[in-house]
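# Observations on chain architecture
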Amino acid sequence: MIGRYGTDALSQFLVYASLVCIILSIFIKSNVWTVLVLAMLIFAYYRILSKNHQKRYEENQKYLALQGKVTAWFQKEKYLMDQRKDFHIYKCPDCKQKIRIPKGKGKIVIKCPKCHREFTKKS
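Here's what I pulled together on the structure shown here. (Residues numbered from 1 in each chain as written. Predicted model: local features only at pLDDT ≥ 70, side-chain atom pairs only at ≥ 80, totals over all residues. Heavy atoms only, no water.)

### Let's talk about the nonpolar core
Applied cut-off: Only buried residues count toward a nonpolar core. Its members are Ala, Val, Leu, Ile, Met, Phe, Trp, Tyr and Cys residues joined through side-chain atoms within 4.5 Å. Classification of residues uses two cut-offs on accessible area relative to the type maximum, computed with a 1.4 Å probe and protein chains only: under 20% is buried, over 50% is exposed, and between them is partly exposed. Secondary structure elements follow DSSP: runs of H or I no shorter than four residues count as helices, runs of E no shorter than two count as strands, and numbering proceeds from the N terminus. Only heavy atoms enter the contact rule, under which two residues are in contact if any of them lie within 4.5 Å.
Residues L10, L14, V15, A17, C21, V37, M40, A44 and Y63 constitute the largest nonpolar core, which totals 9 residues. Elements supplying a minimum of two residues to this core: α1 (9–25) and α2 (31–49). The leading source of residues in this core is α1, at 5 residues. For A44, the residues in contact, after removing those within four places along its chain, are S11, L14 and V15. Membership of the second largest hydrophobic core comes to 7 residues, among which are I99, I110, C112 and F119.

### Section: the pairing of strand β2 (residues 98–102)
Note the threshold: Being paired, for any two strands, means DSSP has found at least two bridges between them.
In β2, alternate side chains face the same way, and those of I99 and I101 are buried while those of K98, R100 and P102 on the opposite face are not. Where strand β1 (residues 87–91) meets β2, 5 bridges bridge the pair, whose relative direction is antiparallel. Directly across from Y90, in β2, lies its bridge partner I99. In sequence, β1 turns back onto β2 through a hairpin of 6 residues, with K96 there showing a positive phi of about 65 degrees.

### Description of the state of the cysteines
For clarity, the cut-off: Any two cysteine sulfur atoms within 2.5 Å of one another count as a disulfide.
The tally for this structure, following the rule as stated, stands at 0 disulfides. The structure places no disulfide on C112, whose sulfur is separated from the nearest cysteine sulfur, that of C95, by 3.5 Å.

### Description of the packing of aromatic side chains
Applicable threshold: The rule is short: rings of Phe, Tyr and Trp, with Trp giving its six-membered ring, pair when the centres are within 6.5 Å, and they are stacked under 30 degrees, edge-to-face over 60, tilted in between.
Within this structure, the stated rule accounts for 3 aromatic pairs. Centroid distance W73 to F74: 4.9 Å. Interplanar angle 80 degrees. Geometry classified as edge-to-face. Under the relative-accessibility criterion, F74 is labelled exposed at 51%.

### A word on the packing of α2 against helix α3 (residues 53–83)
When two helices pack together, their arrangement is given by the angle between the helix axes and the distance between those axes. Put simply, the rule reads: Axes here mean lines fitted to C-alpha atoms, for a helix over just the part in contact, with angles spanning 0 to 180 degrees between N-to-C directions. Note on angle classes: values under 35 degrees are labelled roughly parallel, values over 145 roughly antiparallel, values of 65 to 115 roughly perpendicular, and the remainder oblique. Note that Gly is not counted as nonpolar here; it falls among the polar residues with everything else outside the nonpolar set of Ala, Val, Leu, Ile, Met, Phe, Trp, Tyr, Cys and Pro and the charged set of Asp, Glu, Lys and Arg.
It is the contact of α2 with α3, at a shortest axis distance of 9 Å, that shows an interaxial angle of 125 degrees. One way to sum up the angle between α2 and α3 is to call them oblique. Residues F43, Y46 and R47 of α2 lie in contact with α3, whose contacting residues are R56, E59 and N60. Across the contact of α2 with α3, the residue classes break down as 2 nonpolar, 1 polar and 3 charged.

### Brief notes about α1
The condition that has to hold: The span expected for a helix works out to 1.5 Å for each residue beyond the first.
Spanning 17 residues, α1 covers 24 Å between terminal C-alpha atoms, matching the ideal 24 Å at 1.5 Å per step. Those residues of α1 that sit buried are L10, S11, L14, V15, A17, S18 and C21. In this structure, the buried side of α1 is in contact with α2 and α3.

### Some remarks on a positive patch on the surface
Convention followed: Within the patch definition used here, like charges are joined within 9 Å and nonpolar side chains (Val, Leu, Ile, Met, Phe, Trp, Tyr) within 5 Å, considering only residues with over 30% relative accessible area and no salt bridge. Every accessible area reported is derived by Shrake-Rupley at a probe size of 1.4 Å, with residue values counting cover from the shown protein chains alone. Whenever a carboxyl oxygen of Asp or Glu lies within 4 Å of a side-chain nitrogen of Lys or Arg, that contact is scored as a salt bridge. Charged residues are defined here as Lys and Arg on the positive side and Asp and Glu on the negative side; His and the ends of the chain fall outside this count. Where a charge lies is defined by one atom per residue type: Lys uses NZ, Arg uses CZ, Asp uses CG and Glu uses CD.
Side chains of K76, R84, K91, K96 and K98 sit close together on the surface and give a patch of like positive charge. One can find R84 in the loop between α3 and β1. R84 gets classed as partly exposed once you look at its relative accessible area, which sits at 37%.

Below, the structure is given as structure tokens:
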């Protein structure tokens, strides 16, 4: 194994994803599904056993960037869901800026901090 690239985050993801897909293939009886799972597993081991370190490193960096974007999106959505317990979140009709208003204040006039348009909403 000297000189081989080895495992990284992308190859680990591919191996784990293929294992999950293999378990799902018990319930999904399709030759296309089986071929896709097998191709994913072969690609994972191709990456692990590759000697082209630079290319595998670049692939892994692209995967990590995508993973970071997806993780950030889920964290943002979780934060917004937590905020919805105490606040209403409205969008400005003009600029689509999100505005957070405390709940229980009745009917109020909201002034957008970005475009300064005023609109009325119930909190």
